[in-house]
2 protein chains.
Amino acid sequence: MAKKAEQRRKQILKAAFQAATEKGYESVTLQDIADYADVSKGVTNYYFKNKSDVFTQLFEWITTRIYEKEAASISEQETAIGKLEAYIDRVFISPEENKNFYRVYLDFLSQVKNNDSYKEINQKFYENCWSIGREIIQQGLEEEIFEVDDVEQTVISIRCMIDGSLIQWLMRDDDRLHDYYRNACYESILQILRYKK
Amino acid sequence: MAKKAEQRRKQILKAAFQAATEKGYESVTLQDIADYADVSKGVTNYYFKNKSDVFTQLFEWITTRIYEKEAASISEQETAIGKLEAYIDRVFISPEENKNFYRVYLDFLSQVKNNDSYKEINQKFYENCWSIGREIIQQGLEEEIFEVDDVEQTVISIRCMIDGSLIQWLMRDDDRLHDYYRNACYESILQILRYKK
DNA sequence: CAATTTATTTTGACCAGTCAGTATAAAAGA
DNA sequence: TCTTTTATACTGACTGGTCAAAATAAATTG
């Protein structure tokens, strides 16, 4: 029972994500979501309070999932450089996936100013991202291959570099530049970490 | 006549900007814009083809203005470090101004996927930003205080760092962190430029 | 097991409200 | 007067959310 309800919920969230990548947050209607999910309009209102509720749960879901995958990727690696490379590889996963996520994420960010729960969800996402940065830096300090003045400032800068790169890449709308931006991002982060050797 | 028309146009664009900072791109109505400009709805339709036309011209106007101010700031300086500091000071101009611009800018970015003229305007803005980066780097190379492998990649990374910093700062919604993010951004850029001494 | 009742899920028509864009009227200026 | 500019009224399209009724599944009972 609860299992089927959960399945429906996920089905609707996926439909909302797909609709948002194609039409953008604001212009997606409840009808669009229902169409993408292949259900009638009433179903969405049956499982969610309203449109904002759908997107709150969607953002929570995708930001959590992304963090979990990133965290899993770096924990498989032992060395600082291994962790950093795994992180960058996971973040720049593919043009297709990056495009889908960042399109919706940009919409989400532009809504943060109007919606406190969105702000909270994003804050939590940032904290998760920073914790990944922290793990990489600490490993690098132990190995004595990084040199940073302030760990907290550096984890923040790393996330700035990643988001800035993917947003700029997305705006240029050229899949061939994906590798170029990954590389630029990776090398800049190494500079920020004063990577030795 | 033409002068008064130009004045009205600017008045409406300013009103659209103010409306967009407060309500967000999508939810701003033509009525809102007219209200903020203290004119009737007919005026907006008289001077602009439609809502999209208003925002296209607004986007073009503000990105051009920002570039011109940034370019003016760095050209006053002779040294590479002077130019870089002037650039960062201009970019991180004040919590208030950064908030207003980046709120609207984020809305614009999230619309780029649906609107080719927005994409073009943003592309032009990026190119202007890169040209500023180029000027700073070249000065630094002449002074032999910077060391970069690839100038083009570095100007891109600098812009990633700036946008990433201001977006992350904006999302955290704490004016007291403005200085902190400016500093983090500045120091990271120095690292990326391998600043010597 | 089968019939019947109850609970859950789904449907789509509907409503009240909003908006962009248009048409028209009024005013101002040349 | 005639053209330009501004104000107001209107229209048609669309939206989020409601709701009563239908369909389906689960539980109960004889």
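Residues numbered from 1 in each chain as written. Chains lettered and ligands numbered in written order. Predicted model: local features only at pLDDT ≥ 70, side-chain atom pairs only at ≥ 80, totals over all residues. Heavy atoms only, no water.

The name that an unreviewed UniProt entry assigns to chain A is TetR family transcriptional regulator, with the source organism given as Halobacillus faecis.

S.K.: Explain the UniProt feature "DNA-binding region" (unreviewed entry) in chain A to me, please; I cannot follow it from the model alone.
M.R.: Within the UniProt annotation, "DNA-binding region" (unreviewed entry) is assigned to residues 29-48 of chain A. With 75% helix and 0% strand, residues 29-48 of chain A has its two end C-alpha atoms placed 14 Å apart. (UniProt positions renumbered as here; feature names shortened; annotations may be inferred. Helix = DSSP H or I, 4+ residues; strand = E, 2+ residues; numbered from the N terminus.)

S.K.: What am I meant to see in the protein's contact with DNA strand C here?
M.R.: Around DNA strand C, the structure places 15 residues, and the nearest of them are Arg8(A), Ser40(A), Tyr46(A), Tyr47(A) and Lys41(B). Within the side chain of Tyr46(A), an N or O atom sits 2.9 Å from a phosphate oxygen of DNA strand C. Take Tyr47(A): an N or O atom from its side chain is 2.7 Å from a phosphate oxygen of DNA strand C. Among the secondary structure elements, those contributing two or more residues to the surface near DNA strand C are helix H1 (2-23) and helix H3 (41-47) of chain A together with helix H3 (41-47) of chain B. Here the surface near DNA strand C is composed, by residue class, of 6 nonpolar, 5 polar and 4 charged. (Near = heavy atom within 4 Å. Polar contact = N/O pair within 3.5 Å; in protein donor to acceptor, adjacent residues only side chain to side chain. Nonpolar A, V, L, I, M, F, W, Y, C, P; charged D, E, K, R; others polar.)

S.K.: Would you mind going over the side chain of Thr154(B) with me for this structure?
M.R.: Residue position: Thr154(B) is located in helix H8 (residues 151-172). From its side chain, Thr154(B) meets the backbone oxygen of Asp150(B) in a polar contact 2.7 Å long.

S.K.: What exactly am I supposed to notice about the relation of the copies chain A and chain B here?
M.R.: A rotation about an axis combined with a shift along that same axis relates the two copies of the chain. The transformation that overlays chain A on chain B combines an axial shift of 0.0 Å with a rotation of 180 degrees, and the residual RMSD is 0.1 Å. As the rotation angle and translation indicate, the two copies are arranged about a two-fold axis. Considering only C-alpha atoms, the part of chain A nearest the rotation axis is Gly164(A), at 2.1 Å. Take the interface residues of chain A: 100% of them recur as interface residues in chain B, which is what a same-surface contact looks like. (Least-squares fit on C-alpha atoms with pLDDT ≥ 70 in both. Contact = heavy atoms within 4.5 Å.)

S.K.: Whenever I open this one, the packing of aromatic side chains confuses me. Can you help?
M.R.: The relative placement of two aromatic rings is captured by the distance of their centres and the angle of their planes. All names here are of chain A. This model, assessed by the stated rule, comprises 32 aromatic pairs over all chains. Considering the side-chain rings of Phe55 and Phe59, the 6.1 Å spacing of their centres and the 40 degrees angle between planes classify their relative orientation as tilted. You can see Phe55 and its partner Phe59 sitting in helix H4 (residues 51-75), 4 residues apart, about one turn around the helix. Exposure remark for Phe55: the relative accessible area of 0% places this residue in the buried category. Of the residues examined, Phe59 reaches a relative accessible area of 1% and is grouped as buried. For the ring pair Tyr102 and Tyr105, a centre distance of 5.7 Å and an interplane angle of 90 degrees mean the geometry is edge-to-face. Taken as a pair, Tyr102 and Tyr105 lie in helix H6 (residues 95-111) at a separation of 3 residues, close to a single helical turn. Take Tyr102 and Tyr105: they sit in the same class, and that class is buried. (Phe/Tyr/Trp six-rings, centres within 6.5 Å; stacked < 30°, edge-to-face > 60°. Buried < 20%, exposed > 50% of the residue type's maximum accessible area, 1.4 Å probe, protein only.)

S.K.: Could you clarify how one ought to interpret empty space enclosed by the protein in this entry?
M.R.: One simple way to see leftover space: roll a probe sized like a water molecule over the atoms. Enumeration over the complete set of coordinates arrives at 1 cavity of 30 Å³ or more. Empty space within the largest cavity amounts to approximately 120 Å³. Lining the largest cavity are 19 residues; nearest its centre among them are Glu26(A), Gln111(A), Glu26(B), Asp107(B) and Gln111(B). Secondary-structure elements contributing two or more residues to the lining of the largest cavity are H6 of chain A together with helix H6 (95-112) of chain B. The residue inventory of the lining of the largest cavity, partitioned by class, reads 2 nonpolar, 10 polar and 7 charged. (1 Å grid on protein atoms, 1.4 Å probe; cavity = no way out; pocket = protein on both sides within 12 Å on 5 of 7 lines; lining within 4 Å. Points joined across faces, edges and corners; volume = space filled by probe spheres on them.)

S.K.: Is there a simple way to think about the protein's contact with DNA strand D in this case?
M.R.: Neighbouring DNA strand D are 17 residues, the closest being Lys41(A), Arg8(B), Ser40(B), Tyr46(B) and Tyr47(B). With respect to DNA strand D, the backbone of Ser40(B) contributes an N or O atom lying 2.9 Å from a phosphate oxygen. If you list the elements that add at least two residues to the surface near DNA strand D, you get H3 of chain A together with helix H1 (2-23) and H3 of chain B. Per element, the largest residue contribution to the surface near DNA strand D is 5 residues, and it comes from H3(B). Here the surface near DNA strand D is composed, by residue class, of 7 nonpolar, 5 polar and 5 charged.

S.K.: What is the right way to read the interface of chain A and chain B from this model?
M.R.: Interfaces are often sized by the amount of accessible area the parts lose when they come together. Every contact between the two is made by 44 residues of chain A and, on the other side, 44 residues of chain B. It is Lys113(A), Gln168(A) and Met171(A) in chain A that bury the most area against chain B; as a group they hold 17% of the surface buried on that side. Taken together, the connections running from chain A to chain B amount to 4 salt bridges. Here Lys113(A) and Asp107(B) are joined by a salt bridge, their closest N and O atoms 3.5 Å apart. (Buried area = accessible area lost by both parts, 1.4 Å probe. Salt bridge = Lys/Arg side-chain N within 4 Å of Asp/Glu carboxyl O.)

S.K.: Mind showing me how you'd approach helix H7 (residues 116-142) of chain B here?
M.R.: Since the α-helix advances by 3.6 residues per turn, residues separated by three or four positions end up pointing in the same direction. Taking 1.5 Å as the rise per residue, H7(B) with 27 residues should run 39 Å; its terminal C-alpha atoms sit 39 Å apart, in good agreement. Once H7(B) finishes, Glu144(B) follows within two positions and takes phi at roughly 60 degrees, a positive value. (Expected span 1.5 Å × (residues − 1).)

S.K.: Got a minute to help me understand the domain arrangement of chain A in this structure?
M.R.: All names here are of chain A. Split by domain assignment, chain A resolves into domain 1 (1-48) and domain 2 (50-192). The straight-line distance from the C-alpha centre of domain 1 to that of domain 2 is 26 Å. Facing the 16 residues of domain 1 at the interface are 17 residues of domain 2. Buried area between domain 1 and domain 2, both sides added, is near 1,700 Å², and the carbon and sulfur share of it is 71%. For the domain 1 face of the interface with domain 2, the top three residues by lost area are Phe17, Tyr25 and Phe48, together amounting to 43%. For the pair domain 1 and domain 2, the number of links is 0 salt bridges. Our count for the contact surface shared by domain 1 and domain 2 stands at 6 residue pairs in polar contact (both at pLDDT 80 or more). For the side of domain 1 that touches domain 2, the elements supplying multiple residues, two or more each, are H1 and helix H2 (30-37). Among the elements that take part in the side of domain 1 that touches domain 2, H1 stands out by supplying 8 residues, more than any other. Looking at side-chain class alone, the side of domain 1 that touches domain 2 contains 9 nonpolar, 3 polar and 4 charged residues. (Domains from an automatic or database assignment.)

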